[in-house]
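Coordinates in review
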Amino acid sequence: MDLDISVVVPLYNEAESLPELNAWIARVMQQNAFTYEVIYINDGSSDNSWQVIRQLSEADPEHVKGASFRRNYGKSPALNTGFRLAKGRVVITMDADLQDSPDEIPELFRMITADGYDLVSGYKQKRYDPLSKTIPTKLFNATARKVSGIKNLHDFNCGLKAYRHDVVKHIEVYGDMHRYIPYLAKLAGFSRIGEKVVQHQARKYGKTKFGLDRFVNGYLDLATLWFTGKFGKKPMHLFGLLGSLMFFLGFIAVIVVGCMKLYHMHSGHPYILVTDSPYFFISLVLMLLGSQLFLAGFVGELVVRNSPKRNEYEIEETLGENI
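Residues numbered from 1 in each chain as written. Predicted model: local features only at pLDDT ≥ 70, side-chain atom pairs only at ≥ 80, totals over all residues. Heavy atoms only, no water.

Relative to each other, helix 1 (residues 18-31) and helix 2 (residues 49-59) sit at 35°, their axes nearing to 10 Å. With respect to the hand of their crossing, helix 1 and helix 2 are arranged in right-handed fashion. Contacts from L18, P19 and N22 in helix 1 reach S49, V52, I53 and L56 in helix 2. (Axes fitted to C-alpha atoms, helices over the stretch in contact; angles between N-to-C directions. Helix = DSSP H or I, 4+ residues; strand = E, 2+ residues; numbered from the N terminus. Left-handed = near helix turned anticlockwise from the far one by under 90°. Contact = heavy atoms within 4.5 Å.)

Turning our eyes to something else, we now look at the pairing of strand 4 (residues 90-93). Moving residue by residue along a regular strand, the side chains alternate between the two faces of the sheet. Alternating residues of strand 4 divide into V90 and I92 and V91 and T93, and every residue in both groups is buried. Sheet topology places strand 1 (residues 5-11) next to strand 4; four bridges connect them, and they run parallel. Bridged to S6 within strand 4 is V91. In this structure, strand 4 lies alongside strand 6 (residues 161-164), joined through four bridges in antiparallel fashion. The partner of I92 across the bridge, within strand 6, is A162. (Buried < 20%, exposed > 50% of the residue type's maximum accessible area, 1.4 Å probe, protein only. Pairing = 2+ DSSP bridges.)

Let us look at the pattern of salt bridges. Enumeration according to the criterion identifies 10 salt bridges in this entry. Across the salt bridge formed by E107 and R110, the nearest N and O atoms sit 2.8 Å from each other. On the criterion of helical spacing, the pair formed by E107 and R110 is a turn pair, its members being three residues apart in helix 4 (residues 105-113). Under the relative-accessibility criterion, E107 is labelled partly exposed at 31%. For R192, the salt bridge identified is with D118, shortest N-O distance 3.2 Å. One end of the pair, R192, is in the loop between helix 7 (181-187) and strand 7 (193-197); the other, D118, is in the loop between helix 4 and strand 5 (119-123), and 74 residues separate them in sequence. Assessed through its relative accessible area of 40%, R192 is described here as partly exposed. Assessed through its relative accessible area of 1%, D118 is described here as buried. (Salt bridge = Lys/Arg side-chain N within 4 Å of Asp/Glu carboxyl O.)

Attention now goes to the sheet that holds strand 5. Here seven strands make up an open sheet; going across it, the order is 3-2-1-4-6-5-7 and the pairing mixed. A single partner strand is all that each edge strand has here, and the edge strands are strand 3 (64-68) and strand 7. Each strand axis lies, on average, 20° off the axis of its neighbour in the sheet, ignoring direction. Each of strand 1, strand 2 (36-42) and strand 3 is contacted by helix 1, which is oriented at about 160° to strand 2, the strand it contacts most. Across the sheet, helix 4 is in contact with strand 1, strand 4, strand 5, strand 6 and strand 7; its angle to strand 4 comes to roughly 140°.

Take the pairing of strand 1 next. Across the seven residues that make up strand 1, a large majority, seven, are buried. Alternating positions in strand 1 separate into two faces, I5, V7, V9 and L11 on one and S6, V8 and P10 on the other, with burial throughout. Alignment of strand 1 against strand 2, held across seven bridges, turns out to be parallel. Residue pairing in the sheet places S6 in a bridge with E37 of strand 2. As a crossover connection, the stretch from strand 1 through helix 1 into strand 2 is right-handed. (Right-handed = clockwise from strand over helix to strand, strands pointing away.)

Our focus in this paragraph is helix 3 (residues 75-85). Working note: α-helix, 3.6 residues per turn, so residues spaced by three or four point in the same direction. When you tally the buried positions in helix 3, you get eight out of 11 residues, the bulk of the element. Looking only at helix 3, the buried set comprises K75, S76, A78, L79, N80, T81, G82 and F83.

Bringing the packing of aromatic side chains into the picture now. For any two aromatic rings, the description comes down to two numbers: the centre-to-centre distance and the angle of the planes. Inspection of the entire model under this criterion finds seven aromatic pairs. Arranged with centres 4.8 Å apart and planes meeting at 55°, the rings of F34 and F109 form a pair that is tilted. Note that F34 is positioned in the loop between helix 1 and strand 2 and F109 in helix 4, a separation of 75 residues in sequence. As far as the burial class goes, F34 and F109 line up, both buried. The interplanar angle of 85° and the centroid separation of 5.3 Å between the aromatic rings of F69 and Y73 together place this pair among those described as edge-to-face. (Phe/Tyr/Trp six-rings, centres within 6.5 Å; stacked < 30°, edge-to-face > 60°.)

This next bit is on a nonpolar patch on the surface. A cluster of nonpolar side chains, namely L245, F247, F248, L249, F251, I252, I255, V256 and M260, defines an oily patch on the protein surface of about 810 Å² accessible area. Classification of L245 as partly exposed rests on a relative accessible area of 47%. (Patch = residues over 30% accessible without salt bridge, like charges linked within 9 Å, V, L, I, M, F, W, Y side chains within 5 Å. Areas by Shrake-Rupley, 256 points an atom, 1.4 Å probe, with all protein chains shown as cover.)

Encoded structure:
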């Protein structure tokens with residue numbers, strides 16, 4: 001691993017901005033005497049983005065590399081592919097729309113190599129986005145901080161991030177999980193996560209590729225990460241607890257309904273059939289749901305037990321010759 005920096009740039013229909021971005025990155029690298037590579041991941045663009053990347057690589061084959069998907073898969077698969085290909089000691093990710101400034105790279109590199117961070121996330125404190133985007137983003141980030149426990153990050157979804165090489169080789173970015181890479185890193189044991197205020201620039205070419213549906217999907221993905229991180233290896237702890245609680249409440253409710261009828265019969269008071277009471281059916285539903293949740297916990301445990309990764313744990317370092 002003889003490169004200082006790998007810059008991973010996922011892109012979709014950004015042909016106009018690529019030459020300017022590539023020249024900007026090259027200028028920053030040369031000014032700071034970094035050894036580097038730029039890896040463009042073309043996410044099935046319908047314009048001539050791949051042709052532009054080919055031209056850039058032909059003009060500078062030492063530094064410019066790329067990969068192209070047959071169709072559009074999304075940002076997470078593009079980043080995961082870039083992480084697999086990256087060889088630098090520090091991996092920088094940025095968007096291709098020129099809203100992320102390559103001038104931030106030297107300080108991000110320093111924070112990883114000198115300050116000892118595993119991951120540094122950019123924070124676009126001053127944004128050039130409409131209110132329809134900034135307000136939901138603030139709510140989204142507040143929820144992500146609460147759920148993930150990473151209190152010092154204000155912008156989880158910022159595309160400009162820096163990683164120690166080991167981090168990108170030990171996390172898997174899938175689905176739409178690129179929004180939660182800091183959380184993925186934390187779950188993988190990389191807890192030294194920092195933040196840097198970065199310059200955000202107005203989009204110069206093209207239009208945004210993200211709609212409001214990303215906020216809905218973002219919350220669902222966050223719930224998935226929370227569940228897998230907390231109960232992924234012990235699903236019975238959640239389903240068994242909920243199932244037992246619901247079954248117990250239902251069972252107690254059935255006893256109460258039965259005892260009330262016996263009391264009224266013994267006292268000579270008017271009474272109704274147990275099956276005419278709505279509480280009886282509510283009790284049965286609780287018992288059935290409790291049983292199903294409990295069985296779901298058993299099924300989850302069987303799945304985990306048969307998983308080939310059930311006993312895979314990240315070891316940071318070892319001591320002793322025979323280990």
